[in-house]
Structure formats: C-alpha cells, structure tokens
Amino acid sequence: MDLHMLRKIQEKHPEVHIMNDVVDPSSDHIGKYKELVSKSQNLENVSFNWNQMSSQEYEQQMKEKNDNKKWDFIHMIQVLYYIQNLEETLTFFLKHLEQNGRMLLILISGNSGWASIDKKYGTCLPLHNDTCAVISSHFIKDIIQKMGIKCQHYDLPSVIDITTCFNEDSEEGTLLLDFVTQTLNFSKSAPPSLKAEIMKYLRGPECSTVKDEKIMFNNNLGAIVIEP
C-alpha cells in the first residue's frame, strides 16, 4: 500500500525528493516493507526513515524532542483502533501537516459487519480491550467534525468469504471465526447458546450476504480525507 502511494506521488511530482517516515510497531511489517523496497526500481528520489514503534510512541518521541517537522501527506491505515486519546492524537498530527497537506484515515465502516457485531455483541466478546477498540470511520468523522475540521468520507466496499466458518471440521474456518469474533478459540470457548446466536447473526443480512452458496462477510471500509 505504501509503495503504491509513493508511486502515485512520484508520478505527480517527479522532480521532488520524497522523505518517507515509516512508523509501525511490527518488526515483521517493517521487514517486509524493506524487502519490497529493496526489490523495487526507480526509488532514487525517495529516502526512508524506519521507526519500529507505535504511532503513540512516535508522537511522544516528537514531543520530547520538540520536533516540529511537517509532512505534506500523512496516512493512518487501520491504526486508530489502537489510539487511546483519538482527538489528542488527531490534533497533534494535524499540527504537523503542511498548509496544503492531506491526511488519510482508513478503518472499518460504520455499516460493516464488524460494526454490527460490536453494536450487538460488544459486551459479550473481547472486541474492546486496553490496547484495541472497534471504532468506525463514521465515528471518527463525527469526532473530526466536532473539532471544527472539514473532511470527506468515502466508502470502500469489501467482503470476506466466511463460508468455512460454518464447517466445524475446517481448520481455516475455525481460525477465521476467531478473527471475525476477535476471540481466541471461539468455537470451543463460547457458551453454546451464545455461539449459536452469533453464528446465526453472522450469516444474517446485518453482517453478510449469500452469493453462489458462499457467505460473504461485509468488510466495508471507510476512507476519510482531511484537508485543513
């Protein structure tokens, strides 16, 4: 994703040197990005600054160093679930956005199956914990607008085939069900009545559609573009 965006920026501004500050707490993610960069051509005008840390840790580091650097483009894709103080973090990074810069936020849509499950079963499943919460793009949009900042919201249709979740003999389905419910060993740990209810709900129109005998989970995303 990052490399694709870099290509687009290069196409529009071929004469500009690009500084790509990468922030990710996962060594695996950073390692894969470095490997992809090493195999890519025409990146002579791009410099990379690798930061293996969370966005909150990066924010704190900048504050401690009194770093006033600014960026023309900031993106936070599937990041905001892990932020404890959303308004504070958004305000901080917006202050580090150039006058004509853009910020892109992508996370689950408010009309996704994820949001639907959270609304109905959030108190029964570990969807919220000390490090992560299920929040939607529509929720973030409301926060941004309350901050008095204009933004644009775009729906990004997406589905996940969860048919195997309904096959108790499928190892893939068992793991996928853990992912969808955000519950380790959901099939074995959930009370039978709750499991039956959630399985029925997952198959229903609130979460999924059935096409060609496949159950397609609503994985819609929302993209928010901020232009201060």
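The rules behind these values
In this numbering scheme, every chain counts its residues from 1 along its sequence in written order. Under the rules for a predicted model, residues below a pLDDT of 70 receive no local features and side-chain atom pairs below 80 are neither given nor counted, while totals for whole chains, interfaces and linings still include all residues. Hydrogen atoms and water are omitted, and side-chain values are computed over all heavy atoms in the structure. We count a stretch as a helix when DSSP gives it H or I for four or more residues in a row; a strand needs E for two or more, and each element gets its number in order from the N terminus. Multiplying 1.5 Å by the residue count of a helix minus one yields the expected span of that helix. For every residue, the accessible area obtained with a 1.4 Å probe (protein chains only) is divided by the maximum for its type, and the residue is called buried under 20%, exposed over 50%, and partly exposed between those limits. The arc in question is formed by the directions pointing from the helix axis toward the C-beta atoms. Note on definitions: a residue-residue contact is assigned when non-hydrogen atoms from the two residues lie within 4.5 Å. Throughout this description, a polar contact denotes any pair of N or O atoms lying within 3.5 Å of each other; where both atoms belong to protein, one of them has to be capable of donating a hydrogen while the other can accept it, and for residues adjacent in sequence the pair is counted only when both atoms sit in side chains. When DSSP finds at least two bridges between two strands, those strands are taken to pair. Here the axes come from fitting lines to C-alpha atoms, over the contacting stretch only for helices, and the angles between their N-to-C directions go from 0 to 180 degrees. Aromatic pairs are defined between Phe, Tyr and Trp rings, using the six-membered ring for Trp, whenever the two ring centres lie within 6.5 Å; interplanar angles under 30 degrees are classed as stacked, those over 60 as edge-to-face, and all others as tilted.

(A) Main features of helix α2 (residues 27-38). Given a rise of 1.5 Å per residue, 12 residues ought to cover 16 Å, and the 16 Å separating the end C-alpha atoms of α2 matches this to within 8%. Listed as buried for α2 are Ile-30, Tyr-33 and Val-37. With its buried residues spanning 65 degrees around the axis, α2 presents them on a single face. Residues of α2 that are exposed and point more than 90 degrees away from the buried face comprise Lys-32 and Ser-38. Summarising the contacts, the buried residues of α2 are in contact with α1 (2-12), β1 (18-23) and β2 (46-51).

(B) Region of the structure containing the side chain of Glu-59. By secondary structure assignment, the location of Glu-59 is in helix α3 (residues 55-64). Judged by its relative accessible area of 4%, Glu-59 falls in the buried class. Engagement of the side chain of Glu-59 in a polar contact is seen with the side chain of Thr-89, the distance being 3.1 Å. Excluding residues within four positions of it along the chain, Glu-59 makes contact with Glu-88, Thr-89, Phe-92 and Phe-93.

(C) Just the sheet that holds strand β5 (residues 151-156), in detail. Spatial ordering of the open sheet is given by β3-β4-β9-β5, a layout of 4 strands whose pairing is mixed. The two strands at the open ends of the sheet, each matched to only one other strand, are β3 (71-77) and β5. Taking each pair of neighbouring strands and ignoring which way they run, the sheet shows an average axis angle of 15 degrees. Strand direction decides the pairing type here: β3 and strand β4 (residues 97-108), joined by 6 bridges, are parallel. Each residue of the ladder has a partner; that of Met-76, found in β4, is Leu-105. Against the sheet, α1 touches β3 and β4, its axis set at about 155 degrees to β3.

(D) Just the pairing of strand β7 (residues 208-211), in detail. Relative to strand β8 (residues 214-218), β7 runs antiparallel, the two sharing 4 bridges. Within the sheet, the bridge partner assigned to Ser-208 lies in β8 and is Phe-217.

(E) Fine view of the packing of aromatic side chains. Under the definition given, this model contains 9 aromatic pairs. With a centroid separation of 6.3 Å and an interplanar angle of 40 degrees, the aromatic rings of Tyr-58 and Trp-71 are classed as tilted. With a gap of 13 residues between them, Tyr-58 in helix α3 and Trp-71 in strand β3 connect regions that are remote in the sequence. Overall, Tyr-58 belongs to the buried group, its relative accessible area being 4%. A relative accessible area of 12% means that Trp-71 is categorised as buried.

(F) Broad picture of helix α6 (residues 137-146). Three or more residues of α6 are buried, namely Ser-137, Ile-140, Ile-143 and Ile-144. On an axial view of α6, the arc spanned by its buried residues comes to 115 degrees, and they lie on one face. Its buried side turned inward, α6 meets α4 (86-95), β4, β5 and β9 (221-226). In the segment just after α6, Gly-148 is the residue with positive phi, at about 80 degrees.

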